[in-house]
Structures are given as C-alpha cells and as structure tokens.
Amino acid sequence: MKNTFLFILLASLFPLFNYGQTVNPDSRIIVIGEAEIEIPADRALFTIQITYSDKTNPNKALSEHKLAEAKLVDLFKELNIPAKNINYTPVSINKRFQYGANNVAETTYKTNQEVVILLDDYRLCSDFMIRVVNAGFSDIETEFSSSKEEESNNLLIEKALEAATQKANIMAKFANREVNRVEKIYDTEENDPSIHQIARKGWKSSSSHKFDLTSIPQTILRHYAVKVVFSLK
C-alpha cells in the first residue's frame, strides 16, 4: 500500500517537473542565421552517361555496354586519374515498349550507367573532354568544383551561427529583453552552390589566340542557413 501511494505521488509530480523544464513561448526568440562565402573553383566534375540499346537481345545491349566500360577504364588509366576521383552507379537495364505507326508494340532493351570523374585541375577540361568524345562517349556534363569546399563547411556554419546570435541580440534589445542562452539549433535546407566570376582590378583580356575562358578566375558561392531558438532573460 505504501509503495502504491509513492508511485501515485511521483506520477502526479512528473508533469509538473516536465513543465518546469519547458521554456515559456513568451520567453524565447527564434531566428534564422545566414552566411555566404566564396571559395575558388579549381576543379571540375564530369558526368558521363553510358547507354546502349538493342531491340531484340538484352545480352547484346549489355555486352556493348561492358565494352564501353572497359574502354573508359583504359582511358582513365592512360590519363592517370586516381581511383578515388572516380564514382559510378551500377549498370541498369530496362525493357521498354514503343508503339509504331501500325500501333504495334516494339520492344527495346536499354542499359544505363552514370560515371562521375573529378578532375583536379579544371584548366584541363577541354583536353579531357576531347579525349572522352574521341573514345566514343558524347553524353557528358561538366560543372565546377573546389578543393576548399570541405574545409569551408565549418567556417560557413560558424558565420551562420554568429549571424543568428547578432540578430537575436538586436531583436531582444528592441523588446527590452536580453538573450539568455541557446535552447535548440536546427539545420535548414541549404541552397545550391552557384558559380561567380571573381572581380579582378586591372584584369584585361588578352589579344593572344591562347586566351580562353579558363583564364577568367571563377568562384563557388556557398550559402548556409541555420534556425536557432534562444531563451530570453
């Protein structure tokens, strides 16, 4: 009986304990902190799509696909591209139906695979692309990348948190309050990086035939946003 009474007493006090740990909505402030930094674009990402099809035999489509794979691997070895710079998806094969003029369904077996190559020097893009095209691959996409991207992540987060703290202090001061401490931090959806040209004072285009767009420095603009909940005094 005594144990039962003690259990009921603790159960009745538990909601009060939880309530005491909850921050009053009137004593908190929620802000979004945002930051942007520019990092040099010094690398390039190539995405190569490998696709082959055959209307009668899936094995034939897959066999041609494997020959193309081997040719691409030989090219990577010839260009001394390290394995860590190469990523790929497994080969997939689909059976598709297409209706012709006589409304008769025609079967097509089609393979697909995506290969992503990181080129450490984006100035070699043109030569690399020509080699890939000459090897028989034509579905190629290219985008800039940066060797500084990973180390910039911490700096970007710190700047976003600093911006959130500064914004919270200003808003709290306007309400005649003071920021007490951080209660919660939420990671919000990050915007996609965008490429920007670096403004260079005194930069002039050359009249030489050797000049091309790779002579114009590029940067990747990284944006990050964080949601922070502060309690107020």
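These numbers come from a predicted model, not from an experiment.

**Notes on helix α4 (residues 149–174)**
Phase 1: Taking 1.5 Å per residue as the helical rise, α4 with its 26 residues ought to reach 38 Å, and the 37 Å between its terminal C-alpha atoms agrees with that figure.
Phase 2: Considered for burial, the residues of α4 that qualify are Ser152, Leu156, Ala160, Ala164, Ala168 and Ala172.
Phase 3: Buried-residue contacts for α4 involve β1 (28–40), β8 (179–187) and β10 (218–232).
Phase 4: Among the residues trailing α4, Asn176 stands out with phi positive, at a value near 60°.

**Points about the pairing of strand β6 (residues 105–119)**
Phase 1: Alignment of strand β2 (residues 43–50) against β6, held across seven bridges, turns out to be antiparallel. Of the residues in β6, the one forming a bridge with Ile50 is Gln113.
Phase 2: Where strand β3 (residues 53–54) meets β6, two bridges bridge the pair, whose relative direction is antiparallel. What sits directly across from Ser53, in β6, is Lys110.
Phase 3: Inspection of the sheet shows strand β4 (residues 86–88) paired to β6 by three bridges, in the antiparallel sense. Paired with Asn87 across the bridge in β6 is Val116.

**Examining the environment of Arg131**
Phase 1: With respect to the helices, strands and loops of the structure, Arg131 is situated in helix α3 (residues 125–134).
Phase 2: When the C-alpha positions of Arg131 and Leu79 are compared, they lie 9.4 Å apart, and in sequence the two are 52 residues distant.
Phase 3: Those residues in contact with Arg131, other than ones at most four positions away along the chain, are Leu75, Glu78 and Leu79.

**Here we look at the side chain of Thr111**
Phase 1: Secondary-structure assignment places Thr111 in strand β6.
Phase 2: Within the local environment of Thr111, its side chain forms a polar contact with the side chain of His65, the two groups lying 2.8 Å apart.
Phase 3: The contacts of Thr111, once residues within four sequence positions are left out, are Ile50, Thr51, Tyr52, Ala61, Leu62, His65, Val91, Ser92 and Ile93.

**Points about the nonpolar core**
Phase 1: One finds Phe46, Leu72, Phe76, Ile117, Phe128 and Phe137 to be the most contacted residues of the largest nonpolar core, which totals 20 residues.
Phase 2: Breaking this core down by element, the ones donating at least two residues are β2, α2 (58–78), β6 and α3.
Phase 3: The residues contacting Phe76, other than those within four sequence positions of it, are Ile81, Ile86, Val115, Ile117 and Phe128.
Phase 4: Ala41, Ala172, Val226 and Leu232 belong to the second largest nonpolar core, which has 18 residues in total.

**Here we look at the pattern of salt bridges**
Phase 1: Inspection of the entire model under this criterion finds eight salt bridges.
Phase 2: With a shortest N-O distance of 3.9 Å, Glu106 and Lys55 are connected by a salt bridge. One end of the pair, Glu106, is in strand β6; the other, Lys55, is in the loop between β3 and α2, and 51 residues separate them in sequence.
Phase 3: We classify Lys55 as exposed; its relative accessible area is 55%.
Phase 4: One salt bridge connects Lys233 with Glu178, and the closest N-O pair in it is separated by 3.8 Å. Pair noted here: Lys233 is in the segment after β10 and Glu178 is in the loop between α4 and β8, with a separation of 55 residues, a long-range link.

What counts and what doesn't
- Residues numbered from 1 in each chain as written.
- Predicted model: local features only at pLDDT ≥ 70, side-chain atom pairs only at ≥ 80, totals over all residues.
- Heavy atoms only, no water.
- Helix = DSSP H or I, 4+ residues; strand = E, 2+ residues; numbered from the N terminus.
- Expected span 1.5 Å × (residues − 1).
- Buried < 20%, exposed > 50% of the residue type's maximum accessible area, 1.4 Å probe, protein only.
- Contact = heavy atoms within 4.5 Å.
- Pairing = 2+ DSSP bridges.
- Polar contact = N/O pair within 3.5 Å; in protein donor to acceptor, adjacent residues only side chain to side chain.
- Core = buried A, V, L, I, M, F, W, Y, C linked by side-chain atoms within 4.5 Å.
- Salt bridge = Lys/Arg side-chain N within 4 Å of Asp/Glu carboxyl O.

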